[in-house]
Amino acid sequence: MAYEHKSIERKWREEWRKRGTYRVENDPSKPKYYVLDMFPYPSGAGLHVGHPLGYIASDIVARSKRQQGFNVLHPMGYDSFGLPAEQYAIQTGQHPAKTTEVNIARYREQLDNIGFSFDWSREVRTSDPAYYKWTQWIFLQLFDSWYDHAAQKARPMAELIERFEKHGWNGNDGSALTGNEELEPLAEFGHTDWATFSERHKQGILLRFRLAYLSEAWVNWCPALGTVLANDEVKDGVSERGGHPVERKRMPQWSMRITAYAQRLLDGLDGLDWSESIKESQRNWIGRSEGALIRFALASGEGSVDVFTTRPDTIFGVSFVTLAPEHELIAQITPPERMAEVMAYVTQAKNRSERERMTEVKRVSGVFTGAYVKHPFTHMDVPVWVGDYVLGGYGTGAVMAVPAGDQRDWNFATHFKIPFTAVTANWDISTGADESKEATLANSVFLNGMKVADAIPRAIDELVKKGVGERRINFRLRDAAFGRQRYWGEPIPIYYKDGTPYPVEEQHLPLVLPEVDKFLPTEDGEPPLARAKDWSYNPLQGRVANGDGAYPLETTTMPGWAGSSWYFLRYMDPKNEGRFASPEAINYWQQVDLYVGGSEHATGHLLYFRFWTKFLKERGWINFDEPAKKLVNQGMIQGQSAFVFRINGTKIIASHEWFHRLMAAHDDADIKQLANDVNLQLGYIAFTEMGEITMDAAKATFKDAADQGISFKDCDFQNITELHIDVNIVQNNIVTIDALRSSRPEFQDAEFLGEGETLKCGTLVEKMSKRWLNVVNPDDIIERYGADTLRLYEMFLGPIEQSKPWDTNGIEGTSRFLKKFWNLFHSAVASTHGVDPEAGNAFLVDDAEPTKAELKVLHATLKKVTEDIERLSFNTSVSQFMIACNSLHELKCHKRAVLEPLTIVLAPFAPHIAEELWQLLGHGESIAQATWPKWDAAHLVEDSFSYPISFNGKTRLQLEFPIALDAQGVEAAVLANPEVQARLEGKAPKKVIVVPKRIVNIVL
RNA sequence: ACGGACGUGGCGGAAUUGGUAGACGCGCUGGACUUAGGAUCCAGUGCCGCAAGGCGUGGGGGUUCGAGUCCCCCCGUCCGUACCA
């Protein structure tokens, strides 16, 4: 029978589901392999062909590992909390859970059509209370932990309390990190003091040490979304989702102390097999820089201005100190007579949105506070300025300005005419700052004549000696904002007693999302959860109705990344009700062996994912501190848009070709000719710009045919517009006029200027999106070519990590391959002339002994494909399958001994057809159970090798010699060859290089 | 500006350790078989040239018997970060 992808694929999808083919149990007797895809957020838009790219790659790995004898965990689930469902709820009133349900159902159907081997019995959803019970539980563990800096690990709060009871807090205890650095430093206390503190006071102190903590903090507030966003959710001063403006706001905020892990998140990267670009993004995001903290004592009165600098060697070049507008010292140090002016600047600077601040990078602004600090070495007065080029959120929010050594300081000093001197030798400070790391220092007392690299440690030594500074490592990484003023997220399991946060009892988890009348904030700006009538808590009873004796519950919910920070663990044991996953399951599955997902998560999800894993390890819940050993980022599939041209103000739609003809028409004669050619009453065509033809520059006007005398100058010039048309009605860049007419209402009565019944379109590669009408739906491809073809083609497009445009035309190649492969099993296709009417009709696999040539094809393929899967080079494996298939057709090979192993290795790529052929070959089991065949080098050995003979590195001829012939033998034989002799023209070669089994090079 | 990735036919791409550049597929050209072709098969297809031959991996230099691959400089594209002190 002929190859019918539709019935075959339907049959096997049902069969796999019925048999539970891909269900996996923990089986410690087998080696494990864990392949994980970043789970999707199922939006309403459905899949386009770019989405499954990563899933197909991981499915190939999962299937091949399974056949290679591994116990493979290959799960799928959904990141089902999220903003779009909530926004839809606000608009329509439909509960986000319902929206999510519908989207997931559609998503699942699309995934199923592609034939993935996910173990759906392990599906998880972050919005499922059975799942988020454990997200909340992990939050409570974080709430119950502090970071011991000396031991470099998180420890339970009980140990900190014990420490306070015994030793108090000396205020400078490097072994414990306190909370938000923007707060007042925590005053020291003795153990006797601790005993006298009120419960409230104690809790206040403890809160500053917790890894999940509540504090006043500067947050990214997005008024349009009505919520706080984490740093990684803000791009260029607007929200990543929706592009709404974001402003800085100070408010009480739940945060995660990821900063405690900065150094370890950085160090851990070295051991990971992740792409260099992701690792580099994380390094930049963490932003470690070494330098010094220097204290500049205030000239008048108490206190000091602390600055962080990476160039303490330039200390003698300090000509002023600049504070960020947010700096809390400004109000303190500014003398009364300058207060009004300074505060006016501060207010104005703070109110400028992030966005404005970024677009106005070049503009210098600032104000002198009127206060001075003392230079730590010269004791001279140094003026203190406020400038918005200093960021409140980085370092101490203050810098020592060295105009001679830093361009930003130079710009500021030059703008405000603040005097300064050079600190490096042979440098003209009138032109700019000397930022070179190779410079030699000058005018710098004890640093004179030293190189920067030597001067830095020396300067720090002197600062330490004088007690005015110390070595300091600073990180760019900020603690992560954890609360969201939204409905559709995990409730934070915290209640408030006397204004102090307390954890909800573990037995009362999950703390289930309450029902609310609207999904909007309350009138007084409280988050949606505040609308619920039963959003309060009694530690003895659990959730209770609001009222007497009930404590109010936290009303913010967790951010999207909470649930995804640990989901890989839940897959190991998804139904466990007593623990997030059993120790046995965790111990067996361990880390993810291969994690596949997009690179857009580099500084968000992938960092939190690592952070939580490290935390869970330290608290003894798991035994590894990195979640994924290997990570690959699949590239983006771009869309290929098609468009035709509309001559504005007319009903004319022109093809790409005609557009260029119109543009190329130079004079009246050309134009008349054109009008005749198209047999349309186009009349006059005029052009303004005849030079380079670009869409923008192209301008044309059509006048009434009667008006033949009108000159160019009198025409109304209008643009030609490129109109995107749906790529699904286009084939090989050609679209029929019929299809065009029915595709858009405005095309119905258009006049088409094209190639007869068709138009040739222009094409453009851009993002695949509805807007450009270039979305290709996998369902349509599957309907027409089948899932196996889709899978093969997506892999064949190019390297998995690379972005590339989708071109449906190219899919014919892989489709043909599958037909040809099928025909290997069915009947010989006529090889010389014409069609074999019997082609593909009879199953004719024979049991004959394979020839040497056939075995060579087989084993070369087994080797190549096995190795290619290992290095995720799927495009080259597909090409190898094609080569094998073509060779076997040439050899007219229909032998079981060859085709059977070939089918097994094809199965991960094209599982449906492989399964069907496997059954036709007489096997009852699924091909998923078939053992991966091993390649045998013996079949690949050649008797002879065709040496390329090159002269001075340029190949000129080929000579075949036995493989056994050694280098001398080859050399002698080559030189004896008449053709070589002819090229030598009787002269002796300078040198002859023979690399056995590779090449011969003759140097003349 | 800094950091990362990359640059090969008309197109997607191959070349895994420095060893025959352009595998495989699309497209294109010609042919066969056909009532038909969006089916199938055969042949060709880097560029220039009738050919012999020459030229070719963004450009320029270098190392080497030999460079797409290694080194230096420059140009370009994409991604990330962006006043980070």
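Values in this document were obtained by computation on a predicted structure and should not be read as measured data.

Here we come to the overall build of chain A. Tallying secondary structure elements over chain A gives 31 helices and 38 strands in all. Buried positions account for 53% of the 1004 residues belonging to chain A. Long-range pairs, those at least 24 residues apart, make up 69% of the contacts in chain A with a sequence separation of at least 6. Looking at chain A as shown, the accessible area adds up to about 44,600 Å², and 50% of this sits on carbon and sulfur atoms.

Topologically, Ile-494 is positioned in strand β18 (residues 494–497). Judged by relative accessible area, Ile-494 falls into the buried class, the value being 0%. When the C-alpha positions of Ile-494 and Thr-556 are compared, they lie 9.9 Å apart, and in sequence the two are 62 residues distant. Look past the residues within four positions of Ile-494 in its chain and what remains in contact with it is Phe-139, Phe-143, Trp-254, Pro-501, Tyr-502, Pro-503, Val-504, Leu-553 and Glu-554.

Sheet strands pair by backbone hydrogen bonding; their relative direction is either parallel or antiparallel. Spatial ordering of the open sheet is given by β21-β20-β22, a layout of 3 strands whose pairing is antiparallel. Taken across any chain shown, the strands that pair with only one partner, and hence form the sheet edges, are β21 (542–544) and β22 (551–552). Examined bridge by bridge, strand β20 (residues 536–538) and β22 share 2 bridges and lie antiparallel to one another. Paired with Tyr-537 across the bridge in β22 is Tyr-551.

Around RNA strand B lies a shell of 56 residues, among which Thr-310, Arg-408, Arg-784, Arg-816 and Lys-864 are the nearest. For RNA strand B, the fraction of protein-proximal atoms (within 4 Å) that sit in sugar or phosphate groups is 62%. Within the side chain of Thr-309, an N or O atom sits 3.0 Å from a sugar or linking oxygen of RNA strand B. A distance of 2.8 Å separates a base oxygen of RNA strand B from a polar atom in the side chain of Asn-1001. Looking at the surface near RNA strand B, the elements with two or more residues in it are α10 (276–286), β11 (304–309), α25 (811–824), α27 (874–890), β36 (954–962), β37 (991–995) and β38 (999–1003). With 6 residues, the top contributor of residues to the surface near RNA strand B is α27.

Once that is clear, we can look at the sheet that holds strand β10 (residues 289–297). Strand order across the open sheet formed by 3 strands is β11-β10-β16, with antiparallel pairing between neighbours. The sheet is open, and its two edges are formed by β11 and β16 (469–474), each paired on a single side. Averaged over all neighbouring strand pairs, the angle between strand axes comes to 30°, with direction disregarded. Where β10 meets β11, 6 bridges bridge the pair, whose relative direction is antiparallel. Note that in β11 the partner of Arg-295 across the bridge is Asp-306. Strands β10 and β16 of the sheet are contacted by helix α15 (residues 452–466), whose axis makes an angle of about 125° with β16.

Right, let's get into unusual backbone geometry. A cis amide bond links Leu-509 with the next residue in sequence, Pro-510, at an omega value of -5°. Positive phi, close to 60°, is recorded for Asp-498, a residue that is not glycine. You can see Asp-498 is positioned in the loop between β18 and β19 (500–503). A positive phi angle, near 55°, is found at Leu-872, a position not held by glycine. Along the polypeptide, Leu-872 turns up in the loop between α26 (852–870) and α27. Note on Leu-872: relative accessible area 12%, which makes it buried.

For the rest of this paragraph, the subject is the nonpolar core. The biggest cluster of nonpolar side chains holds 191 residues, and the ones touching the most others in it are Phe-139, Met-256, Phe-482, Met-572, Tyr-595, Trp-612 and Phe-909. It is helix α5 (residues 129–143) that contributes the most residues to this core, 9 residues altogether. When residues no more than four places from it in sequence are discounted, the contact partners of Trp-612 are Thr-135, Ile-138, Leu-142, Met-256, Phe-482, Trp-561, Ala-562, Ser-565 and Trp-566. In terms of nonpolar packing, the next biggest core, distinct from the first, is built from 47 residues, Phe-316, Val-321, Val-367 and Ile-418 among them.

Viewed as axis vectors pointing N to C, helix α24 (residues 787–796) and helix α29 (residues 911–920) meet at an angle of 125°, and their least axial separation amounts to 7 Å. The pairing of α24 with α29 is recorded here as oblique in orientation. Counting all contacts with α24, which are made through Ala-787, Asp-788 and Arg-791, the residues of α29 involved are Pro-911, His-912 and Ile-913. Looking at side-chain class alone, the contact of α24 with α29 contains 3 nonpolar, 1 polar and 2 charged residues.

All right, on to a nonpolar patch on the surface then. Nonpolar side chains collect at one region of the surface, where Ile-993, Val-995 and Ile-999 lie side by side and expose about 180 Å² of accessible area between them. Positionally, Ile-999 belongs in strand β38. The class of Ile-999 is partly exposed, set by a relative accessible area of 32%.

With that out of the way, let us pick up helix α19 (residues 605–618). With 14 residues, α19 ought to run about 20 Å at 1.5 Å a step, and its terminal C-alpha atoms sit 20 Å apart, in line with that. With 13 of 14 residues buried, α19 is to be regarded as a mostly interior element. Backbone geometry just downstream of α19 places Gly-620 in the positive-phi region, at approximately 85°.

Bridge count for strand β5 (residues 212–222) against strand β9 (residues 247–256) is 10 bridges, and the pairing is antiparallel. Note on β9: the bridge partner recorded for Ser-215 is Gln-253. Relative to strand β17 (residues 480–481), β9 is paired through 2 bridges, and the arrangement is antiparallel. Bridge pairing links Met-256 to Ala-480 in β17.

Moving on, we come to the confidence of the model for chain A. Note: predicted coordinates in regions of low pLDDT should not be interpreted at a detailed level. Looking at chain A as a whole, the pLDDT averages 84, with 89% of positions reaching at least 70. Counting contacts from residues 678–718, a segment whose pLDDT is below 50, to residues more than four positions away or on other chains yields 87 contacts. In the predicted structure, residues 829–840 sits below a pLDDT of 50 and forms 15 contacts with residues beyond four places in sequence or in another chain. Scoring the predicted complex yields pTM 0.89 and, for the interface, ipTM 0.94.

Time to look at the pairing of strand β1 (residues 32–37). Among the 6 residues in β1, 6 count as buried, and that is most of the element. Across the two faces of β1 the burial is the same, with Lys-32, Tyr-34 and Leu-36 and Tyr-33, Val-35 and Asp-37 all buried. By the bridge criterion, 3 bridges tie β1 to strand β2 (residues 71–73) in an arrangement that is parallel. Looking at β2, one finds that Tyr-34 is bridged to Leu-73. Handedness of the crossover joining β1 and β2 through helix α2 (residues 53–67): right-handed. Here 3 bridges tie β1 to strand β23 (residues 594–597), and the two strands are oriented parallel to one another. Note that in β23 the partner of Asp-37 across the bridge is Val-596.

How each quantity is defined
Residues numbered from 1 in each chain as written. Chains lettered and ligands numbered in written order. Predicted model: local features only at pLDDT ≥ 70, side-chain atom pairs only at ≥ 80, totals over all residues. Heavy atoms only, no water. Helix = DSSP H or I, 4+ residues; strand = E, 2+ residues; numbered from the N terminus. Buried < 20%, exposed > 50% of the residue type's maximum accessible area, 1.4 Å probe, protein only. Contact = heavy atoms within 4.5 Å. Areas by Shrake-Rupley, 256 points an atom, 1.4 Å probe, with all protein chains shown as cover. Pairing = 2+ DSSP bridges. Near = heavy atom within 4 Å. Polar contact = N/O pair within 3.5 Å; in protein donor to acceptor, adjacent residues only side chain to side chain. Axes fitted to C-alpha atoms, helices over the stretch in contact; angles between N-to-C directions. Core = buried A, V, L, I, M, F, W, Y, C linked by side-chain atoms within 4.5 Å. Parallel < 35°, antiparallel > 145°, perpendicular 65-115°, else oblique. Nonpolar A, V, L, I, M, F, W, Y, C, P; charged D, E, K, R; others polar. Patch = residues over 30% accessible without salt bridge, like charges linked within 9 Å, V, L, I, M, F, W, Y side chains within 5 Å. Salt bridge = Lys/Arg side-chain N within 4 Å of Asp/Glu carboxyl O. Expected span 1.5 Å × (residues − 1). pLDDT = per-residue confidence, 0-100. Right-handed = clockwise from strand over helix to strand, strands pointing away.

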